[in-house]
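Take a look at the letters that make up each chain.
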Amino acid sequence: MAASWITPPTRTELIEGLVSGVDRYNPSNVSILEDYLYHQIRSEEYDCLANLAILKLYQFNPELYNPDVVINILIKSLTSTPLPDFNLCISLLDERPINSTLDEPDPLPALLPILKNLHNLLYRCRFPAFWQYYNSRELETLRDNYTVECAGFENAIRSVAIRAVKATFTRITFERLGLYLNLEGGSLELYIKELGWIRDSSNGVITVPPNPDNQIEATVVQENIKLPQIAKIIAHSALKV
């Protein structure tokens, strides 16, 4: 997983050269990296290091700053939770100089607290609360102007929830899983079928396949203490008495 995070298999040689070499600090390459970001948004791909390179260029060259690009980077990073991608992106935004060259008001200050709240809910595995907040009227602007353009965003968030369920549960009810995934009825049944999970028709309980995270195994720790060592311990204790 670490290797695919550092070098995603979908990254081209051109982007690899920009991300891994000294050209990552060349402001003339920012448009190439921005185009690559929008390719990620359209194709459901993700490359955190390439997106961080954009934010670093904005940090060094405030005149390049594009708020829509930043918002899209943060939205994509939400789908990688619980990896630290979102916080890595936020760290490059702190104390960002105000860019007075924008033609329109900057939407980032209003959306940044919302995105942080969404990340906090995801990171704490509060998935029903995440979906309730995400679908609220307060987030209508985010949905209509940004996440609607991010192909597969909601399914990517569902994958975050599924990773948490796999690591936590061996069995889960149909209704509870539906709250975690913001799905119900036939849509939820189809999703479960695609996962290959089994649902008990009599009680609606879904069996989560065993994996190293959801299996509790007893660990026996055996220590070998030789007789001379025991003798030394006893003698030391006798001296204290």
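Overview of the structure. Values in this document were obtained by computation on a predicted structure and should not be read as measured data. (Residues numbered from 1 in each chain as written. Predicted model: local features only at pLDDT ≥ 70, side-chain atom pairs only at ≥ 80, totals over all residues. Heavy atoms only, no water.)

**Details of the overall build of the chain**
- Across its full length, the chain holds 13 helices and three strands.
- Looking at the chain residue by residue over its 241 residues, the buried ones come to 39%.
- Put simply, 65% of the contacts in the chain that link residues at least 6 apart link residues at least 24 apart.
- Of the roughly 14500 Å² that the chain leaves accessible, carbon and sulfur atoms contribute 55%. (Helix = DSSP H or I, 4+ residues; strand = E, 2+ residues; numbered from the N terminus. Buried < 20%, exposed > 50% of the residue type's maximum accessible area, 1.4 Å probe, protein only. Contact = heavy atoms within 4.5 Å. Areas by Shrake-Rupley, 256 points an atom, 1.4 Å probe, with all protein chains shown as cover.)

**Looking at the side chain of Lys-76**
- Assignment of secondary structure puts Lys-76 in helix 5 (residues 67-78).
- Glu-44 provides the closest opposite charge to the buried, unpaired Lys-76, separated from it by 7.4 Å.
- With near-sequence residues (within four places) excluded, Lys-76 lies in contact with Leu-37, Gln-40, Ile-41, Glu-44, Glu-45, Tyr-46 and Cys-150. (Lys, Arg positive; Asp, Glu negative; His and termini not counted. Salt bridge = Lys/Arg side-chain N within 4 Å of Asp/Glu carboxyl O.)

**What about the pattern of salt bridges?**
- All chains considered together, the criterion is met by four salt bridges.
- Ionic pairing is found between Arg-11 and Glu-16, a salt bridge with its closest N-O pair at 2.7 Å.
- For Glu-189, the salt bridge identified is with Arg-199, shortest N-O distance 3.2 Å. Placement of the pair is Glu-189 in helix 12 (residues 185-195) and Arg-199 in strand 2 (residues 198-199), with a sequence separation of 10 residues.

**Remarks on the environment of Glu-189**
- By relative accessible area, Glu-189 is classed as partly exposed at 43%.
- Along the backbone, Glu-189 and Arg-199 are 10 residues apart, and their C-alpha atoms lie at a distance of 8.8 Å.

**Some points on the nonpolar core**
- Among the nonpolar cores identified, the biggest contains 66 residues, and Leu-74, Leu-115, Leu-118, Leu-142 and Leu-177 are the most heavily contacted of them.
- In this view, Leu-74 contacts Phe-86, Cys-89, Ile-90, Leu-93, Leu-108, Leu-112 and Leu-115; residues no more than four positions away in its chain are not counted. (Core = buried A, V, L, I, M, F, W, Y, C linked by side-chain atoms within 4.5 Å.)

**A short note on the sheet that holds strand 3 (residues 205-207)**
- Overall, antiparallel pairing links the three strands, which are arranged 1-3-2 in an open sheet. Two strands in the sheet have a free side with no partner beyond their single neighbour: strand 1 (171-173) and strand 2.
- Two strands pair when backbone bridges link them, and strand 2 and strand 3 are joined in this way by two bridges, in the antiparallel orientation. Considered in strand 3, the bridge of Ile-198 is made with Thr-207. (Pairing = 2+ DSSP bridges.)

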